[in-house]
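Given next are the chains, with one letter for each unit.
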Amino acid sequence: MQRQGSIGGSAAIRIRVTGGVLLVAHLAFVAWFTLRPLDVPWVMPPNLHPLAGIRSDLALGWQQGVRRIVEGLGLLAPLGVLLPMVHGRLAVSPLASFLRTTAAGALISLGIELLQTAVPGQVVDIDSLLLNTAGVGLAHVAFVPAARAWLRRRKDRARRGSVRQEEAAQGRTPTIPRVGIAP
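Just so it is clear, the model here is predicted, and its values are computed rather than measured.

(A) Seen up close, the pattern of salt bridges. Inspection of the entire model under this criterion finds 4 salt bridges. Its salt-bridge partner being arginine 67, residue glutamate 71 comes within 2.7 Å of it at the nearest N-O pair. With glutamate 71 and arginine 67 both in helix H3 (residues 62–75) and 4 residues apart, the pair spans about one turn of that helix. In this structure glutamate 71 comes out as partly exposed when scored by relative accessible area, which is 46%. Overall, arginine 67 belongs to the partly exposed group, its relative accessible area being 40%. One salt bridge in this structure joins aspartate 125 and arginine 68, with 2.2 Å as the shortest N-O distance. Within this pair, whereas aspartate 125 is found in the loop between helix H5 (94–115) and helix H6 (126–162), its partner arginine 68 is found in helix H3, the two being separated by 57 residues in sequence. Overall, aspartate 125 belongs to the buried group, its relative accessible area being 11%.

(B) Region of interest: the packing of aromatic side chains. Scanning all chains against the criterion turns up 3 aromatic pairs. A ring pair is formed by tryptophan 32 and phenylalanine 33, whose centres lie 6.5 Å apart and whose planes are at 45°; its orientation type is tilted. Each member of the aromatic cluster is reached from another via a ring pair, and the members are Phe29, Trp32 and Phe33. Over the aromatic face of tryptophan 32 sits the side chain of arginine 36, whose NZ or CZ is 4.5 Å from the ring centroid.

(C) How the structure looks around H3. For H3, with 14 residues, the first-to-last C-alpha span of 20 Å sits near the 20 Å given by 1.5 Å per residue. Along H3, the positions that sit buried rather than exposed are Gly65, Gly72 and Leu75. The buried residues of H3 occupy an angular sector of 115° when the element is viewed end-on, so they sit on one face. Exposed and facing more than 90 degrees away from the buried side of H3 are Trp62 and Val70.

So, how was this worked out
Residues numbered from 1 in each chain as written. Predicted model: local features only at pLDDT ≥ 70, side-chain atom pairs only at ≥ 80, totals over all residues. Heavy atoms only, no water. Salt bridge = Lys/Arg side-chain N within 4 Å of Asp/Glu carboxyl O. Helix = DSSP H or I, 4+ residues; strand = E, 2+ residues; numbered from the N terminus. Buried < 20%, exposed > 50% of the residue type's maximum accessible area, 1.4 Å probe, protein only. Phe/Tyr/Trp six-rings, centres within 6.5 Å; stacked < 30°, edge-to-face > 60°. Lys NZ or Arg CZ within 6 Å of the ring centre and 35° of its normal. Expected span 1.5 Å × (residues − 1). Arc of directions from axis to C-beta.

This is the structure:
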């Protein structure tokens, strides 16, 4: 019996479902974290100049700058692993997978930044868009190729172990000479 799916039967379904559940949970957390109204006495103007906010944070001290960079990289970084996990393919071009995942992360980050324009206390920041996209790409490069290689090796081992030996020949197939061939 041939298994369906790119990984094989129920394993592929379990991986995709797990990835989907984790993806929805992470996106719900990100929406809550980034789109909740803030009570602040004043609001900073939007930052539309790339890397200007990071430069100003680094000018205040390296701890502030590093904290901002790590927060920006980490917010959407799990999408770099969860999006390919939901896709569930093992045999895919690494470059195409990286580009597709990073583009999806950039679009999600852009959507969040656009939705923040309607939320009191939240400000649009181009640096967040850049850092979130870079975080998705870094997480993808760090984990997905190794995980796919491990799953491919596991699949090959399982396939080699489940290949049955061909049955030994039992002689010629018996024929009945009196039976003619049908017209």
